[in-house]
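# Secondary and tertiary structure notes
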Amino acid sequence: MTHREFEGWRSYGRRVAVATKAGNPDWARLPQAKRIMIDEGGKLFFTGKVCKRGHVSPRNEHCDCTQCHLMRLAERRDAV
Ligand SMILES: [Zn+2]
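The following refers to the structure shown. (Residues numbered from 1 in each chain as written. Predicted model: local features only at pLDDT ≥ 70, side-chain atom pairs only at ≥ 80, totals over all residues. Heavy atoms only, no water.)

## Quick notes on the pattern of salt bridges
Per the stated rule, a full pass over the model turns up 4 salt bridges. Between arginine 4 and glutamate 40 there is a salt bridge, with its nearest N and O atoms 2.7 Å apart. Of this pair, arginine 4 sits in the segment before α1 (9-21) while glutamate 40 sits in helix α2 (residues 34-40); the two residues are 36 residues apart in sequence, bridging distant segments of the chain. Residue aspartate 26 is joined to arginine 29 by a salt bridge in which the shortest nitrogen-to-oxygen separation is 3.8 Å. (Salt bridge = Lys/Arg side-chain N within 4 Å of Asp/Glu carboxyl O. Helix = DSSP H or I, 4+ residues; strand = E, 2+ residues; numbered from the N terminus.)

Structure below.
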């Protein structure tokens, strides 16, 4: 992992707490913003904020919640 500018303990602590509560403490190691994800060449980032459907999960390069994304894929598959 490259060295990114540290977001600060308050922000990092909040993301660790949210990720841990969701059962995935590793998410806190993802970049906290899309800009940083792009700088690092990654595919996911984790803000620690819930999506509009209430999921806590990383987001992709379209700022889509990954759980919503999976749900949409499943809906599409079921519709066939
Ligand atoms: Zn979602």
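## Here's the deal with the coordination of the zinc ion
In the first shell of the zinc ion, the protein supplies Cys51 (SG), His55 (ND1), Cys65 (SG) and Cys68 (SG), at 2.0 to 2.3 Å from the metal. Between the 4 donor atoms coordinating the zinc ion, the angles at the centre fall across 103 to 115°, so the site counts as tetrahedral. Summarised as a motif, the one-chain spacing of the donors to the zinc ion is C-x3-H-x9-C-x2-C. A residue pair is termed long-range when its members are at least 10 positions apart, and histidine 55 in the loop between α2 and α3 (66-79) and cysteine 65 in the loop between α2 and α3 qualify at 10 residues. The exposure class of histidine 55 is buried, given its relative accessible area of 13%. For cysteine 65, a relative accessible area of 4% translates into the label buried. (Donors = N, O, S within 2.8 Å, 3.2 Å for Na, K, Ca; no water. Tetrahedral: all angles 85-135°; square planar, octahedral: opposite > 155°, others 65-115°. Buried < 20%, exposed > 50% of the residue type's maximum accessible area, 1.4 Å probe, protein only.)

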